[in-house]
Amino acid sequence: VDELEGICTGEACQIWNEWFHSTEEGMEEFFKGSEHKEYISQWKCSTQTRLLTEFFTEQSQGAINYCNKLVSNKCQRATAEQILQGHRKQIRDHVAKLVSEADQGTGSEELFDKKWSEWMQELAQVQLEFDQSDNMQQMIDRSLKRIFHAYTRFLIEKPPLQSKQKAELFVKPDRHFHKSDIPFIKKGHNPYAQDASDKFLLTAKRYIDDCEKNLQHLGPNVIDQMFKKVLDAVKKCEVQFNTQYKVDLAFEVGQYALYRLESLANELRRKNDPVEYFKDRKETFFAEFKAQYEQIAKHKQCAIVLVSLLKTSVIRAVSNSLPGLVANEMKATNDTFATKFSLKTAVLTRIIIAEKKKFDLFLMYINDTESSLKDWLGLFVKEHCNGKSQYNAAGSTRVESLVKNKLKDLISYLQKEVQSTVTKETVLEPWLKQFHKAVTSKGEISLNLTEVLAHMTKHKLNDEEFMDEFLRGMKEIEVPLSAVIEKEGWRVEVENVLSRDLIGCCAQCPFCKEQCDLGAGHGIKIKHSVQFHRPQCLGSFWLSGNHKMMLDLCTTSVSGLGEFKSSALGDGKFHHYNKYYKYYPNWKITPNASASASLYWKWFVANYTCEIAEKIGAKEATIPSDWQEITQEQAIESLQTFSLY
């Protein structure tokens, strides 16, 4: 290690010395050849001093320290498995000692649990530590100062860097463009500028993703390259952003990079926490202890340990597959989860029949359809999972039935593999490799062969007692449902699967706020579209003449010569509806002068005219008489149009 550090340090010093002398010679030649050298002698001295102190001493020492840090981290990672291996041996030594000292009249499980808690407390004091921080905030801050050293006044205005999970920067014409370009930007090119800005942030995210994928340490050089890559993209962009924008962008990227660095450090600490490592292996060690405690022969002990490991693998496999199983079962047995429109139909039905806070539920759905659908989806998942299974007469819930069936399939598969491969003349190690290959080829069960071999020794399984014990253990293997169902997080994963498959694109119509009908990720080449628009008062539009709520549909308005003004555009001007695509280029609204709102939204507007007007700051509209005659049942029935679409 010392030799490696010396090599890295020596190479770094050599590179910096060559650069320093080359730069120093260039400066000397510049000042020597200047016509005004007698006037710039003071500048020469200050420049040479800055070169020596800042660009050589500080930077070269920083590079050397970074090299040493990389070597140190490499050494720590290389020894991590050796340290954990030492802890495994230590736990086994504890087990052996406990067996020799234990009172045979004491219950083995009770005794083991008490000692296990003590061992874990000891391990908690010696957790592996990896210094991954490199003072992350200061590292990113120094990089920003290097890049914008000529514009420090912009950085001084910034608050300290904060870890930020999502990078976002909203383009502001008055702040992010040269004064001569501001009128041009305000005439409708701001959306294009915002798209360009979003792409710069995506460039930074992809760069960090690539670094992680290639196992590249996110040190100062990588951070510098990330900023350079983003700023080069800004320089090549057709939109000419000013220096303030570049500083704002780099600062936002820096905060996102800080979040990613902290996440990586936390994940590494978690993976190398001995307590976490042994938490999932307690049952295996208890099996060892119990085997020794009861003075079971070596072959019998091996059988118990292997059955325990297989049991743990089955629990892990079922837990990993549970969210997908539940989501697929919900789609297959409940029409609510068939399509995006069937989900919306179910949600709108539940909202209209709600007994409390009905108007608030409507507002949530209208103003933030995505959040509303996710909230209702979470409720539907809970109701569905707690419901009784139609396939189980014993009254099990749907989830319990799914888990039982999956456990039965995997255990039967393992039992079949054991029966077909084990004989009295089986040699342990070759058989383990054959068995490992067979069970892992299915793709659902993972079995650490190295860990299995750590519990076994090479010998022939030629004893009939071992065969009986191992086969009996496999035949009687049982996994309690609670080992899978009571694990945290699977319900959230079910919601995520269904959200991804059903909710789709969450863009809302700029006039009526109806959600885009298309699926998620349909791309910019396919524009957002809605088949059934709503009265525009639901998008907070009113008539400019009398300030009354606007009842017209978007499709009707874009087919005429009317005008609109939207605060979202920020220009305070009226624009022609039939030219809407100039201001909302990502939307396609098909003109239809004869289109009519659904009975559902007519019912809502008719029954909540006063509340809507107050909410959007408009006057109540004169509601058509046929709207007022619509019943709640008719409104619900009209929702079936969604399901047929």
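Trainee: Just checking my understanding: could you explain the overall build of the chain for this structure?
Mentor: Looking only at helices and strands, one finds 27 helices and two strands in the chain. Taking all 645 residues of the chain together, 42% fall into the buried category. Sequence separation of 24 or more characterises 72% of the internal contacts of the chain that already satisfy a separation of 6 or more. Accessible surface, the chain as shown: approximately 35800 Å² in total, 51% of it carbon and sulfur.

Trainee: For this particular structure, what's the right way to read the side chain of Ser372?
Mentor: Relative to the helices and strands, Ser372 resides in helix H15 (residues 369-386). Excluding its chain neighbours within four sequence positions, the residues that come into contact with Ser372 are Met364 and Tyr365.

Trainee: Whenever I open this one, the nonpolar core confuses me. Can you help?
Mentor: Most often, soluble globular proteins keep nonpolar side chains buried together rather than apart. In terms of nonpolar packing, the biggest core is built from 79 residues, with Phe604 and Val605 touching the most fellow members. Counting residues per element, this core draws most heavily on helix H12 (residues 298-333), which supplies 14 residues. When near neighbours in sequence (up to four residues on either side) are disregarded, Phe604 contacts Phe359, Phe362, Ile366, Leu538 and Ile612. Core analysis: the next-biggest nonpolar cluster, separate from the first, contains 39 residues, Val234, Cys237, Phe251 and Leu261 among them.

Trainee: Mind showing me how you'd approach the state of the cysteines here?
Mentor: Think of a disulfide as a covalent bridge from one cysteine sulfur atom to another cysteine sulfur atom. Applying the stated criterion to the full structure yields zero disulfides. Here Cys506 stays unpaired: no disulfide links it, and the sulfur of Cys505, its closest cysteine neighbor, is 6.5 Å away.

Trainee: Help me out: how do you make sense of the confidence of the model for the chain in this one?
Mentor: The predicted coordinates should not be examined in detail at positions where pLDDT is low. Across the chain, pLDDT averages 78, with 75% of residues at or above 70. When mean pLDDT is compared element by element in the chain, helix H23 (residues 599-607) scores highest at 96, while helix H27 (residues 640-644) scores lowest at 61. Per-residue pLDDT stays below 50 along residues 130-134; that stretch engages in 18 contacts with residues further than four places along the chain or on separate chains.

Trainee: Looking at this structure, how should I read the packing of helix H14 (residues 358-367) against H23?
Mentor: The relative placement of two packed helices is expressed as an angle between their axes plus a distance between the axes. Relative orientation of the contacting elements H14 and H23 amounts to 130°, with a least axis distance of 12 Å. Considering their axes alone, H14 and H23 lie oblique with respect to each other. Taken as a pair, H14 and H23 cross one another with a handedness that is left-handed. Together, Phe359, Phe362, Tyr365 and Ile366 of H14 and Tyr600, Trp601, Trp603 and Phe604 of H23 make up the contact between the two elements. Classifying every residue of the contact of H14 with H23 gives eight nonpolar, no polar and no charged.

Trainee: So what exactly am I meant to see when it comes to the packing of aromatic side chains here?
Mentor: How two aromatic rings sit relative to each other is given by the distance of their centres and the angle of their planes. This structure, assessed with the given rule, holds 26 aromatic pairs. Between Phe604 and Tyr608, the ring centres sit 5.3 Å apart and the planes meet at 35°, which makes this aromatic pair tilted. A single burial state applies to Phe604 and to Tyr608, both of which are buried. Linked through ring pairs, Phe359, Phe362, Tyr365, Tyr600, Trp601, Trp603, Phe604 and Tyr608 together constitute an aromatic cluster. Here the basic side chain of Arg534 rests over the ring of Trp601, its NZ or CZ set 4.8 Å away from the ring centre.

Trainee: Is there a simple way to explain helix H24 (residues 609-616) in this structure?
Mentor: Note: α-helices contain 3.6 residues per turn, so residues at a spacing of three or four share the same orientation. Listed in full, the buried residues belonging to H24 are Thr609, Ile612, Ala613 and Ile616. The buried residues of H24 all sit within an arc of 100° when viewed along its axis, so they share a single face. Within H24, the exposed residues directed more than 90 degrees away from the buried face are Glu614 and Lys615. Tucked into the core, H24 has its buried residues touching H14 and H23. Just beyond H24, the residue with positive phi is Gly617, at close to 75°.

Trainee: Honestly, the pattern of salt bridges in this entry has me stumped. Any pointers?
Mentor: For side chains bearing opposite charge, pairing can occur when the charged atoms are close. Overall, the coordinates contain 16 salt bridges when judged by the stated rule. Between Asp141 and Lys145 there is a salt bridge; the shortest N-O distance is 3.3 Å. In this pair, Asp141 and Lys145 are both assigned in helix H4 (residues 136-147), four residues apart and thus about one turn of the helix distant. Of the residues examined, Lys145 reaches a relative accessible area of 49% and is grouped as partly exposed. Glu514 serves as the salt-bridge partner of Lys344, at 3.3 Å between the closest nitrogen and oxygen. One end of the pair, Lys344, is in helix H13 (residues 340-352); the other, Glu514, is in the loop between helix H21 (490-502) and helix H22 (554-557), with 170 residues separating them in the sequence. A relative accessible area of 0% means that Lys344 is categorised as buried. Each of Lys158, Arg175 and Asp248 takes part in one network of salt bridges that share partners.

Parameters at a glance
- Residues numbered from 1 in each chain as written.
- Predicted model: local features only at pLDDT ≥ 70, side-chain atom pairs only at ≥ 80, totals over all residues.
- Heavy atoms only, no water.
- Helix = DSSP H or I, 4+ residues; strand = E, 2+ residues; numbered from the N terminus.
- Buried < 20%, exposed > 50% of the residue type's maximum accessible area, 1.4 Å probe, protein only.
- Contact = heavy atoms within 4.5 Å.
- Areas by Shrake-Rupley, 256 points an atom, 1.4 Å probe, with all protein chains shown as cover.
- Core = buried A, V, L, I, M, F, W, Y, C linked by side-chain atoms within 4.5 Å.
- Disulfide = S-S within 2.5 Å.
- pLDDT = per-residue confidence, 0-100.
- Axes fitted to C-alpha atoms, helices over the stretch in contact; angles between N-to-C directions.
- Parallel < 35°, antiparallel > 145°, perpendicular 65-115°, else oblique.
- Left-handed = near helix turned anticlockwise from the far one by under 90°.
- Nonpolar A, V, L, I, M, F, W, Y, C, P; charged D, E, K, R; others polar.
- Phe/Tyr/Trp six-rings, centres within 6.5 Å; stacked < 30°, edge-to-face > 60°.
- Lys NZ or Arg CZ within 6 Å of the ring centre and 35° of its normal.
- Arc of directions from axis to C-beta.
- Salt bridge = Lys/Arg side-chain N within 4 Å of Asp/Glu carboxyl O.

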